[in-house]
Amino acid sequence: MISTFDDEFPGNNATYKNLKDAVLAGDLVFIVGAGVSAPKLPLWTDLIKKLAQEALNEGRIDPQDEKFIVEQSGSDPLTAATLLGTALGDEILKVKISKIFGHEDHITDIHRSLVAIPADAYLTLNYDSGIENALIEKNAKAP
């Protein structure tokens, strides 16, 4: 039996049983968030910092703007991303983001673990295709 640490986290046994029952019934949908891809891809704050540094190095923004965007990335990432979009232009920003997220080698161990569990569906709003690529790797066909 797997340890659920129910003594430290009351309710884990019941949650584990519910999860097991859902798997056995074929009634499971995984909702996959950015944390699953984080070991290989940047989260919002790190992405904005990276793009701001690139914009500074390319002379598209000045040091004060870069500093402001980086500061905003922690408290208001949407404003920081908007400022980057304005400074770079939407098309350049899209190309830069696509280069970061567009590779197929962003499958993490967590992706592989999730697709090993029988589920009806996998839902993700992530920009990367890690879960899709893990399914392709496992099943030798597109999901």
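Above: the structure in question.
Counting restarts for each chain: residues are numbered from 1 in the order of the written sequence. Thresholds applied to this predicted model are a pLDDT of at least 70 for local features of residues and 80 or more for the giving and counting of side-chain atom pairs; totals over whole chains, interfaces and linings are not thresholded and use all residues. The basis for every side-chain value is the complete set of non-hydrogen atoms in the structure, without hydrogens or water.

Participant: Please explain the overall build of the protein as it appears in this structure.
Facilitator: Along its length, the protein carries seven helices and two strands. Under the DSSP-based scheme used, a helix requires at least four consecutive residues in state H or I and a strand at least two consecutive residues in state E, with every element numbered from the N terminus. In the protein, the succession of α and β elements from N to C terminus is α-β-α-α-α-α-α-β-α. The C-alpha radius of gyration of the protein comes to 20 Å, more than 25% above the 15 Å expected for a compact globule of 143 residues. Taken along the three principal axes of its C-alpha coordinates, the protein extends 60 × 40 × 20 Å. In the protein, which comprises 143 residues, the proportion classed as buried is 28%. Pairs at least 24 apart in sequence give 58% of the contacts found in the protein among residues at least 6 apart. Within the structure as shown, the protein displays about 9200 Å² of accessible surface, and the carbon and sulfur contribution to it stands at 58%. Averaging the positions of the 13 positive and the 22 negative side-chain charges in the protein gives two centres separated by 5 Å. We take the radius of gyration over the C-alpha atoms and set the globule estimate at 2.2 Å times the residue count to the 0.38 power. Only protein chains enter the accessibility calculation, which uses a 1.4 Å probe; a residue whose area is less than 20% of its type maximum is buried, one above 50% is exposed, and one in between is partly exposed. Between two residues, a contact is recorded if the distance between any of their heavy atoms is within 4.5 Å. Methods summary: accessible areas were calculated by the Shrake-Rupley approach with a probe of 1.4 Å, and residue burial reflects only the protein chains presented. In this tally Asp and Glu are treated as negative and Lys and Arg as positive; neither His nor the chain ends contributes. Every charge is mapped onto a representative atom, which is NZ of Lys, CZ of Arg, CG of Asp or CD of Glu.

Participant: Which parts of the structure should I look at to understand a nonpolar patch on the surface?
Facilitator: A contiguous nonpolar surface patch, about 460 Å² in accessible area, is contributed by Val29, Ile31, Leu123 and Leu125. Considering the arrangement of structural elements, one finds Leu125 in the loop between β2 (121-124) and α7 (130-139). Judged by relative accessible area, Leu125 falls into the exposed class, the value being 77%. The residues that make up patches have over 30% relative accessible area and no salt bridge, and they are joined within 9 Å when like-charged or within 5 Å when they are Val, Leu, Ile, Met, Phe, Trp or Tyr. Whenever a carboxyl oxygen of Asp or Glu lies within 4 Å of a side-chain nitrogen of Lys or Arg, that contact is scored as a salt bridge.

Participant: So what exactly am I meant to see when it comes to unusual backbone geometry here?
Facilitator: When glycine is set aside, most residues are seen to have a negative phi, and most peptide bonds are trans. Phi is positive for Phe5, which is not a glycine, with a value near 55°. Tracing the backbone shows Phe5 in the segment before α1 (12-25). Residue classification places Phe5 among the partly exposed residues on the basis of a relative accessible area of 46%. Phi at Ala140 is positive, roughly 60°, even though this residue is not glycine.

Participant: It is not clear to me how α1 should be interpreted in this structure. Could you clarify?
Facilitator: In an α-helix there are 3.6 residues to a turn, and that puts residues three or four apart on one side. In a regular helix each residue adds 1.5 Å, so 14 residues correspond to 20 Å; α1 covers 20 Å between its end C-alpha atoms and thus fits that length. In the segment just after α1, Gly26 is the residue with positive phi, at about 65°. Every helix has an expected span of 1.5 Å times one less than the residues it contains.

Participant: Please explain the packing of aromatic side chains as it appears in this structure.
Facilitator: Two measures describe an aromatic ring pair: the distance that separates the ring centres and the angle between the ring planes. Only rings of Phe, Tyr and Trp enter the pairing, Trp through its six-membered ring, and a pair is recorded when the two centres are within 6.5 Å. The plane angle decides the type: under 30 degrees is stacked, over 60 is edge-to-face, the rest tilted. One pass over the structure, following the stated rule, counts one aromatic pair. Measuring from centroid to centroid gives 5.6 Å for Phe30 and Tyr122, while their planes differ by 15°, and the two rings are stacked. Here Phe30, found in strand β1 (residues 29-32), pairs with Tyr122, found in strand β2; they are 92 residues apart in sequence, far enough to count as distant. Under the relative-accessibility criterion, Phe30 is labelled buried at 14%.

Participant: Is there a simple way to explain the pairing of β1 in this structure?
Facilitator: Burial of β1 is one-sided: the residues Phe30 and Val32 facing one way are buried, the residues Val29 and Ile31 facing the other way are not. Strand pairing is assigned whenever DSSP detects at least two bridges linking the two strands. Inspection of the sheet shows β1 paired to β2 by four bridges, in the parallel sense. By the bridge assignment for β2, Phe30 is matched with Tyr122.

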